[in-house]
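# Observations on the three-dimensional arrangement
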Amino acid sequence: MTRGAGPWRELEVAARAVRSRAYAPYSGYRVGAALRASSGRIFAACNVENASFGLCICAERSAVAAAVAAGEHAFTHLVVMSDGAPPASPCGMCRQTLAEFSTSLTIRITNVLGEGDEVSLRELLPLAFDGQKLKRTNSARKRRT
Ligand code: THU
C-alpha cells in the first residue's frame, strides 16, 4: 500500500469531498470519484442510489457523465475513494464505461485513510470491448448488402 502524492493529491482531496455528498441510504456505502481530463480539468462525483435498486449509479460513471457533459472525452487519472481495507476497485460496468474513452487511464483505488494502490484500466479490463470493432461490423454488413 502506498500513500497518494504527486498527481494524486488534488484528485484525492476532490474525491474525499464529493464522497461526503454520496446519496447511499440503502447500502450505506459511500464512494467518491475524481477524474482528471487530458485538459487538466477535474470532475468529481459520488454514487447516487434509488429505492428502485437497479437505478443506482456508481460514482465513477457519474464522474464520466459530468465530464462528457462539459465536453471532455479523454482522461488521464482517476481516484476512487471508498471505505474499508483493502479499498474497493471499480465495478465491471464502470470499467467498460471508462474504457469507452481512455484505455490508458491510471486509477488510484483508495480508502478514507489514504491507503491504496495504482492500477491501469488495461489491467482491470483486459480485452475490453471497443467501438472500433462495432464500426468494422457495420461496414462489413454494408458491403454485403
Ligand atoms: N459503487 C460505486 O459507486 N462504484 C463502484 O465501482 C462499485 C459500487 C456504489 C454503487 C452503490 O451505490 C454502492 O456502491 C453499493 O454497491
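Residues numbered from 1 in each chain as written. Predicted model: local features only at pLDDT ≥ 70, side-chain atom pairs only at ≥ 80, totals over all residues. Heavy atoms only, no water.

### Considering the pairing of strand β2 (residues 32–37)
For β2, a buried count of six out of six residues is recorded, marking the element as mostly surrounded by other parts of the structure. A two-sided burial pattern is seen for β2, the buried positions comprising Gly32, Ala34 and Arg36 on one face and Ala33, Leu35 and Ala37 on the other. As paired elements, β2 and strand β3 (residues 42–46) share five bridges and run antiparallel to each other. Paired with glycine 32 across the bridge in β3 is cysteine 46. The turn linking β2 back onto β3 is made up of four residues, and glycine 40 within it adopts a positive phi angle of 100°. Pairing analysis gives six bridges linking β2 to strand β4 (residues 75–82), with the strands arranged antiparallel. The residue of β4 that forms the bridge with alanine 33 is valine 80. (Buried < 20%, exposed > 50% of the residue type's maximum accessible area, 1.4 Å probe, protein only. Helix = DSSP H or I, 4+ residues; strand = E, 2+ residues; numbered from the N terminus. Pairing = 2+ DSSP bridges.)

### Some remarks on the nonpolar core
Grouped together as the largest cluster of nonpolar side chains are 22 residues, with contacts concentrated most on Leu35, Phe75, Leu78, Leu98, Leu105, Ile107 and Leu121. Those elements that place two or more of their residues in this core are β2, β3, α2 (59–69), β4, α3 (92–99), β5 (106–111) and α4 (121–124). Counting residues per element, this core draws most heavily on α2, at four residues. What phenylalanine 75 contacts, discounting residues up to four positions off in sequence, is Leu35, Arg36, Ala37, Ser38, Ala67, Phe101, Ser102 and Leu105. (Core = buried A, V, L, I, M, F, W, Y, C linked by side-chain atoms within 4.5 Å. Contact = heavy atoms within 4.5 Å.)

### A look at the side chain of serine 82
For serine 82, the location among the structural elements is in strand β4. At 3.3 Å, the side chain of serine 82 forms a polar contact with the side chain of tyrosine 29. Excluding its chain neighbours within four sequence positions, the residues that come into contact with serine 82 are Arg19, Tyr29, Arg30, Val31, Ala88, Thr110, Asn111 and Val112. (Polar contact = N/O pair within 3.5 Å; in protein donor to acceptor, adjacent residues only side chain to side chain.)

Such coordinate-based values are descriptive only and should not be taken to indicate function.
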